[in-house]
Amino acid sequence: MAGASVSFRRVTKRYGAVTALADFDLEVAPGEFMTFLGPSGSGKTTALNVLAGFVDPSGGDLLIGGKSVLALPPEHRQLGMVFQSYTLFPHMTVFENVAFPLRLRREAKAAIARKVAAALEMVRLGGLEGRMPKELSGGQRQRVAFARAVVFEPPVLLMDEPLGALDLKLREAMQLEIKRYHNELGCTIIFVTHDQGEALALSDRIAIMGEGRIAQVDTPEAIYDRPASRYVAEFIGKTNILTLTQGPSGTVHLVETASTLGMEAAQAAGLVLGALSLRPEKIHRVQTNQPDSIDFTAKVGEVLFLGDIVQYDIRVEGTSAEARHLIFQEHRGPQTPILKRGDQVRLGFQLRDALPVQADGSPLTAQD
């Protein structure tokens, strides 16, 4: 199965005074796994429905395989679709559900039998052809829905929150299954979710969405390690937002750590005045001061035991009452005993790990 390219060209969708998509531009490569990630109301499902043909855009163009599909009805766009609610026909057997799109295309009985058998083997449901949907578990129903969506070998597969109705263990298992399917099929997948972990685990690239626009599109690693804005940094994973302000001549002040550092060191680390993002795992316990680092003493607040990781809410000594608490995470180990509420601990982080996330951040300049 060969994947097709997908192009959104300045696609806009308005509902009265509300703009659900605004000049939405995106190029998806053939065979790519692209995820639309964002909160409710960010426009991700609208973008998917416009591509599927369920919603007409107010402006712009949509191309699949380099050809505009705006004039085509949904059934002629050659798209597979997997929904959160499975949408299996309750009165049809597993075989009949999976065979349905092939029968719509008037394929021969022998071809239908062969393709359905292959699709069910791929999702590890061979032998269950005669069961009804009500006789299947949630995970099995989702696999049937996936088999039905790919049995006619669509070049593009759309998946709208397909794992949202599953419990955590089953979600994790199905994530591995979807990765396997994608590697086997080679089709282009556009996946919609609000689950950050799901997006990071599955995607070749992620489009972070907000208010009908793309805030950043990049690989999972780049989005997590180099967020383009404060919105992206706060949305994907956990982060601490620090504030860098101008200090006395030749210095700058890092508000949340009550730290003053030299202008040259801050400039060398690429810092700018304004907001910085610092991931909780970049903070570590320190015994001695390290070069190019910020060290501070903190008091432990709430402790969250997360198995192999422990998360701490900390308050830095010397900060104002209005200063935000910081989050600090570390892996458990023989050299890192779990801290308790009220403990004092010396912490630090490398300056290079505090990333500017304010587009209009002011450059650092020495002041008299």
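Residues numbered from 1 in each chain as written. Predicted model: local features only at pLDDT ≥ 70, side-chain atom pairs only at ≥ 80, totals over all residues. Heavy atoms only, no water.

## Focus: the packing of aromatic side chains
Step number 1: Tallied over the full model, the rule gives 10 aromatic pairs.
Step number 2: Ring centres of Phe8 and Phe36 lie 6.1 Å apart, and the angle between their planes is 65°; on these two criteria the pair is classed as edge-to-face. With Phe8 in strand β1 (residues 6-15) and Phe36 in strand β3 (residues 33-37), this residue pair connects regions lying 28 residues apart in the sequence.
Step number 3: Three or more aromatic residues joined by ring pairs make a cluster, and in this case those are Phe8, Phe24 and Phe36.
Step number 4: Lys13 extends its terminal NZ or CZ atom over the ring of Tyr15, reaching a point 4.9 Å from the ring centre.
Step number 5: The cationic tip of Arg279 hangs over the ring face of Tyr224; the distance from NZ or CZ to the ring centre is 4.0 Å. (Phe/Tyr/Trp six-rings, centres within 6.5 Å; stacked < 30°, edge-to-face > 60°. Helix = DSSP H or I, 4+ residues; strand = E, 2+ residues; numbered from the N terminus. Lys NZ or Arg CZ within 6 Å of the ring centre and 35° of its normal.)

## Some remarks on the sheet that holds strand β7 (residues 156-160)
Step number 1: Reading across from one edge, β6-β7-β8-β3-β9-β10 is the order of the six strands in this open sheet, with mixed pairing throughout. Strand pairing shows two members of the sheet lacking a second neighbour, β6 (79-83) and β10 (213-218), which therefore form its edges. Each adjacent strand pair in this sheet contributes to an overall mean axis angle of 15°, direction not counted.
Step number 2: Those strands touched by helix α4 (residues 138-150) are β6 and β7, and its axis lies near 170° from that of β6. (Pairing = 2+ DSSP bridges. Axes fitted to C-alpha atoms, helices over the stretch in contact; angles between N-to-C directions. Contact = heavy atoms within 4.5 Å.)

## Quick look at the environment of Arg114
Step number 1: Here Arg114 is to be found in helix α3 (residues 109-122).
Step number 2: For Arg114, a relative accessible area of 55% translates into the label exposed.
Step number 3: Residues Arg114 and Leu273, spaced 159 residues apart in sequence, show a C-alpha to C-alpha distance of 64 Å. (Buried < 20%, exposed > 50% of the residue type's maximum accessible area, 1.4 Å probe, protein only.)

## A few points about the packing of α4 against helix α5 (residues 168-185)
Step number 1: At a minimum axis distance of 11 Å, the contact between α4 and α5 shows a crossing angle of 20°. Between α4 and α5, the interaxial angle falls into the category roughly parallel. Pair α4 / α5 crosses with right-handed handedness. Across the interface between the two elements, Gly138, Gly139, Gln142, Arg143, Phe146 and Val150 from α4 touch Leu170, Met174, Glu177, Tyr181 and Leu185 from α5.
Step number 2: Its residues assigned to classes, the contact of α4 with α5 comprises six nonpolar, three polar and two charged. (Parallel < 35°, antiparallel > 145°, perpendicular 65-115°, else oblique. Left-handed = near helix turned anticlockwise from the far one by under 90°. Nonpolar A, V, L, I, M, F, W, Y, C, P; charged D, E, K, R; others polar.)

## A look at unusual backbone geometry
In terms of backbone geometry, most residues other than glycine have negative phi values and most peptide bonds are trans.
Step number 1: For Glu153, which is not glycine, the phi torsion reads 55° and is therefore positive.
Step number 2: Structurally, the position occupied by Glu153 is in the loop between α4 and β7.

## Examining the side chain of Thr239
Step number 1: With respect to the secondary-structure elements, Thr239 resides in the loop between α8 (230-235) and β11 (240-246).
Step number 2: The exposure class assigned to Thr239 is buried, which follows from its relative accessible area of 11%.
Step number 3: Among the polar contacts made by the side chain of Thr239, one reaches the side chain of Ser277 at a distance of 2.6 Å.
Step number 4: In terms of polar contacts, Thr239 uses its side chain to reach the backbone carbonyl oxygen of Leu278, at 3.4 Å. (Polar contact = N/O pair within 3.5 Å; in protein donor to acceptor, adjacent residues only side chain to side chain.)

## Notes on the pairing of strand β9 (residues 205-210)
As a general feature of sheets, a regular strand has side chains that alternate between the two faces.
Step number 1: The element β9 is largely enclosed, with a buried count of five among its six residues.
Step number 2: Across four bridges, β3 lies against β9 in parallel orientation. Paired with Leu37 across the two strands is Ile208, which belongs to β9.
Step number 3: Bridging between β9 and β10 involves five bridges; their strand directions are antiparallel. Bridging across to β10, Ala207 finds its partner in Val217.
Step number 4: The turn joining β9 and β10, which pair antiparallel and follow one another in sequence, is formed by two residues; a positive phi near 55° is taken by Glu211.

## Side note on the packing of helix α2 (residues 94-104) against α4
Step number 1: At a minimum axis separation of 7 Å, α2 and α4 run at an interaxial angle of 30°. Here α2 is positioned roughly parallel relative to α4, judged by the angle of their axes. The two elements α2 and α4 meet at a crossing, and its hand is right-handed. Where α2 abuts α4, its residues Val94, Asn97, Val98 and Pro101 lie against Val144, Ala147 and Arg148.
Step number 2: Considered class by class, the residues forming the contact of α2 with α4 number five nonpolar, one polar and one charged.

## A few points about the nonpolar core
Step number 1: The biggest cluster of nonpolar side chains holds 37 residues, and the ones touching the most others in it are Phe146 and Leu157.
Step number 2: Elements represented by at least two residues in this core include exactly α2, α3, α4, β7, α5 and β8 (188-193).
Step number 3: Per-element accounting of this core gives the leading share, six residues, to α4.
Step number 4: Non-local contacts of Leu157, meaning those with residues more than four positions away in its chain, are made with Gly80, Met81, Val82, Phe146, Ala149, Val150, Cys187, Thr188, Ile189 and Ile190.
Step number 5: In terms of nonpolar packing, the next biggest core, distinct from the first, is built from 28 residues, Leu244, Val252, Leu278 and Leu351 among them. (Core = buried A, V, L, I, M, F, W, Y, C linked by side-chain atoms within 4.5 Å.)

## Focus: the pattern of salt bridges
Step number 1: Applying the stated criterion across every chain, the model contains 12 salt bridges.
Step number 2: Ionic pairing is found between Asp23 and Arg10, a salt bridge with its closest N-O pair at 3.6 Å. You can see Asp23 sitting in strand β2 (residues 18-28) and its partner Arg10 sitting in strand β1, a full 13 residues away along the chain.
Step number 3: One continuous salt-bridge network, built from bridges that share partners, spans Arg124, Glu177, Arg180 and Glu184. (Salt bridge = Lys/Arg side-chain N within 4 Å of Asp/Glu carboxyl O.)

Nothing here speaks to function; it is all geometry.
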